[in-house]
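Coordinate analysis (summary)
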Amino acid sequence: MSKDIRIKKGVDIQLIGQAEMKLEKAPRSAYYTIKPTDFHGVVPKLHLRTGAKVDVGTPIFYDKNTPDVNFVSPVSGEITEIKRGAKRKMLEIIIKADAQDEFVDMGSINMDSCSREDLIQHLMKAGVWPSVRQLPYAVIADPTIVPKNINVSAFNSEPLAADDSFMIEGKAEAFQKGIDVLKKLTSGKVNLNVKAEANSSTVFSNAQGVDKNTFSGPHPAGNNGVQIHHLNPVNKGESVWYLRPQSVVAIGNLILNGKYDPTKIVAVCGEQANNPKYYEASLGAAVSDIVGNSAKSDNVRLISGTVLSGDQVQKEDHINFYANELTIIEEGNEPEFLGWALPGFGKLSLSKTFLSWLSPKKEYSVNTNLHGEERAYVVTGQYEKYLPMDIYPVQMIKAALALDIEALEELGIYEVSPEDFALCEFSCTSKMEVQQIIREALDLVKKELS
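This write-up is about the structure you can find in this document.

1. Some points on the overall build of the chain
The secondary structure content of the chain amounts to 11 helices and 20 strands. Seen through its principal axes, the chain has C-alpha atoms that stretch 65 × 50 × 45 Å. Scored against the burial criterion, the 450 residues of the chain give a buried share of 54%. Taking all contacts inside the chain whose residues are at least 6 apart in sequence as the whole, residues at least 24 apart take part in 70%. Distance from the positive charge centre (48 side chains) to the negative charge centre (58 side chains) of the chain: 1 Å.

2. Overview of the sheet that holds strand 7 (residues 70-72)
To summarise the sheet geometry, strands pair through backbone hydrogen bonds and adopt either a parallel or an antiparallel arrangement. What the three strands build is an open sheet, ordered 4-6-7; its pairing is antiparallel. Every interior strand has two partners, whereas the edge strands, strand 4 (44-46) and strand 7, have only one. Sheet twist, expressed as the mean angle between neighbouring strand axes with direction ignored, is 35°. Pairing between strand 4 and strand 6 (residues 59-63): three bridges, direction antiparallel. Note on strand 6: the bridge partner recorded for Lys45 is Tyr62.

3. Overview of the sheet that holds strand 9 (residues 90-97)
Here four strands make up an open sheet; going across it, the order is 3-9-8-5 and the pairing antiparallel. Edge positions in the open sheet fall to strand 3 (31-34) and strand 5 (53-54), since each of these has one partner strand only. Where strand 3 lies against strand 9, four bridges are found, and the strand directions are antiparallel. Looking across to strand 9, one finds that Ile34 is bridged to Ile93.

4. Details of the environment of Lys45
Topologically, Lys45 is positioned in strand 4. Sequence separation of Lys45 and Met90 is 45 residues, and the distance between their C-alpha atoms is 8.8 Å. When residues no more than four places from it in sequence are discounted, the contact partners of Lys45 are Phe61, Tyr62 and Lys64.

5. Some words on the pairing of strand 6
The pairing of strand 6 with strand 7 spans three bridges and is classified as antiparallel. Looking at the pairing, Phe61 lines up with Phe71 of strand 7. Count of turn residues in the strand 6/strand 7 antiparallel hairpin: six residues.

6. What to know about the side chain of Asn224
Residue placement: Asn224 occurs in helix 5 (residues 224-231). On the basis of relative accessibility, which here comes to 3%, the residue Asn224 falls in the buried class. Once residues lying within four places of it in the same chain are set aside, the contact partners of Asn224 are Asn151, Val152, Ser153, Tyr242, Leu243, Arg244 and Glu419.

7. Concerning the environment of Tyr414
The residue Tyr414 is located in the loop between helix 9 (405-411) and helix 10 (422-427) in this model. Placed 302 residues apart in sequence, Tyr414 and Asp112 show a C-alpha to C-alpha distance of 34 Å. Once residues lying within four places of it in the same chain are set aside, the contact partners of Tyr414 are Leu135, Pro136, Tyr137, Val234, Lys236, Glu409, Val445 and Leu449.

8. Overview of the pattern of salt bridges
What the rule picks out here adds up to 14 salt bridges. Across the pair Lys53 and Glu78 runs a salt bridge whose closest N-O atoms are separated by 3.4 Å. Of this pair, Lys53 sits in strand 5 while Glu78 is found in strand 8 (residues 77-84), placing the two residues 25 residues apart along the sequence. Of the residues examined, Glu78 reaches a relative accessible area of 28% and is grouped as partly exposed. Several salt bridges converge on common partners, so that one network encompasses Arg6, Lys195 and Glu197.

9. With respect to the packing of aromatic side chains
The tally for this structure, following the rule as stated, stands at 10 aromatic pairs. Every member of this aromatic cluster is reached through a ring pair, and the members are Phe39, Phe61, Phe71, Phe321 and Tyr322. Above the plane of the ring of Tyr322 lies Arg133, whose end atom (NZ or CZ) is 4.0 Å from the centre. The ring of Phe103 carries Lys259 above its face, with NZ or CZ at 5.2 Å from the centroid.

10. Details of a positive patch on the surface
There is a patch of like positive charges on the surface, built from Lys45, Arg49, Lys64, Arg84 and Arg88. By the element assignment, Arg84 lies in strand 8. The class for Arg84 is partly exposed, based on a relative accessible area of 31%.

11. Section: helix 6 (residues 245-257)
Look at helix 6: 18 Å from first C-alpha to last across 13 residues, which is about the 18 Å you get at 1.5 Å a residue. Counting buried residues in helix 6 gives 11 out of 13 residues, a clear majority hidden from the surface. Buried residues of helix 6: Pro245, Gln246, Ser247, Val248, Val249, Ala250, Ile251, Gly252, Asn253, Leu254 and Ile255, and no others. A positive backbone phi angle near 70° is found at Gly258, which sits one or two residues after helix 6.

Cut-off values and rules
Residues numbered from 1 in each chain as written. Predicted model: local features only at pLDDT ≥ 70, side-chain atom pairs only at ≥ 80, totals over all residues. Heavy atoms only, no water. Helix = DSSP H or I, 4+ residues; strand = E, 2+ residues; numbered from the N terminus. Buried < 20%, exposed > 50% of the residue type's maximum accessible area, 1.4 Å probe, protein only. Contact = heavy atoms within 4.5 Å. Lys, Arg positive; Asp, Glu negative; His and termini not counted. Charge placed at Lys NZ, Arg CZ, Asp CG, Glu CD. Pairing = 2+ DSSP bridges. Axes fitted to C-alpha atoms, helices over the stretch in contact; angles between N-to-C directions. Salt bridge = Lys/Arg side-chain N within 4 Å of Asp/Glu carboxyl O. Phe/Tyr/Trp six-rings, centres within 6.5 Å; stacked < 30°, edge-to-face > 60°. Lys NZ or Arg CZ within 6 Å of the ring centre and 35° of its normal. Patch = residues over 30% accessible without salt bridge, like charges linked within 9 Å, V, L, I, M, F, W, Y side chains within 5 Å. Areas by Shrake-Rupley, 256 points an atom, 1.4 Å probe, with all protein chains shown as cover. Expected span 1.5 Å × (residues − 1).

This is how it looks when you write it as C-alpha cells:
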C-alpha cells in the first residue's frame, strides 16, 4: 500500500546556480577513467592489463570479495595506464578512447522464465550490478542476500541536486523494464518514492508494479536512507537495496538491447558556473570536457556530486560513478575581516547567527570556508533538528568515536548511511567530519560482524 509521508526535521538549503532544464551532449573525451575508489569496500582485481583493447562492456576488474561482480569499460579503446597509490592500491584505470564505440553483446535473457539467480548473474556479468547498493553499510548490494524491499528515490533534495524527472524523461520503456527486473530480485516490494510538492515525470507516475509513495518536507527527505527508515526500517540481519532512476534505466536498457549502457546525464551547477545546465556524457568522462569554460574564475572548487556529500575533483579528473552533478562554487581561501562580528545580511546560517532564518526561500552564495576549525566536541542539540530518524545522532557519533560496536548496534547503525548525516556535519559547531566518522563506523561493524 502506498504511503504519504511528511518529513518535519531537516532544512532546504537554497543556493544560487540551479541547472537550467536544457540538455546538451558533452564532447567525447580523449581518455576515460574507471576509479575503483568510487566503490566503497571493493578490493579490485584486474581482468586486463595495460595495452589491452576493450569495447563498451568489456570487464576491466572484479571485486576480490565477490568475484562475479564485474566492473566494465564505458568506452571502446585501449587501456593506457593503471594508476596506483600507497601500498599499490589501485586508484584509476585509464582508457584511451577510439573514435567510435563498439559494444560487447551481453546476450538476452527471458524475464518470464529465468530464475532470480540467473538474472543476478546476468546483471553482474554485464557490469550494472555496482549501481545497486544496500543498507546496512551503504555498499554495493550483496547478491547472495534476498532483500526485504528495494527502494528507488525519484528525487534528490540536496541543494542544487539534479532533477531526476528531467533526466529520466523519454525513457519510460527502459525504466519500466528496469522496475520489472527489480521486482524479481526481492521477496517484498519495490518502493518508488516521489516528491509530493512537485510535478513528477510521467515516467514515474505511469510505472507499474511498484508502491508509489510521496514524501514531503525538507532535505533529507530525498535520501534513500531516510525513506527506508520511514517505510520499513532495516533491522539486524535484514537488507534493503536502493538505487537511483538513471541506474534503473541502465538495467532496463541491458535487458532490452543486450548491451551495457554507459550513458550518464550530469548537471553542471553552482554559482560559479556560467550557464548551468545538463550534459549527456558517458561514465568516466573527463570533468574538463563537461565543465569546459563553465567556471567563472580559476578560484573555484569543483565538486563531483552535491555541496553536502560530493567529492572534490580537479579538471583533469573524471566524473564519479554515483554522482549526477558537477557543482562549481567559490573557493573559501580568502580571509574575511571581522567576519564574525559583521551582521552578515547575505550569509547563510542554520542558526540565528546571521539573518538568513528570516528569508528561508532566498537563494544564497556560499564558498568552502569553514569559518573556524575543529574544536572540542560539545553537545548542542543541533543534530536532532536535521536528522528525521528515530535515532540519537550525538550518541551514535560518540559510540563511533569510541569504537563501541554494541552501542552502535543498539543505536541503529544498520539504518544509516553517511549522506544522512550531511546536514549534521554542515551545522556542526565543532566542525566534526561527521560523514567520515559514520563511514568508518559502518566499516568497523561490517568487518567485525559480517
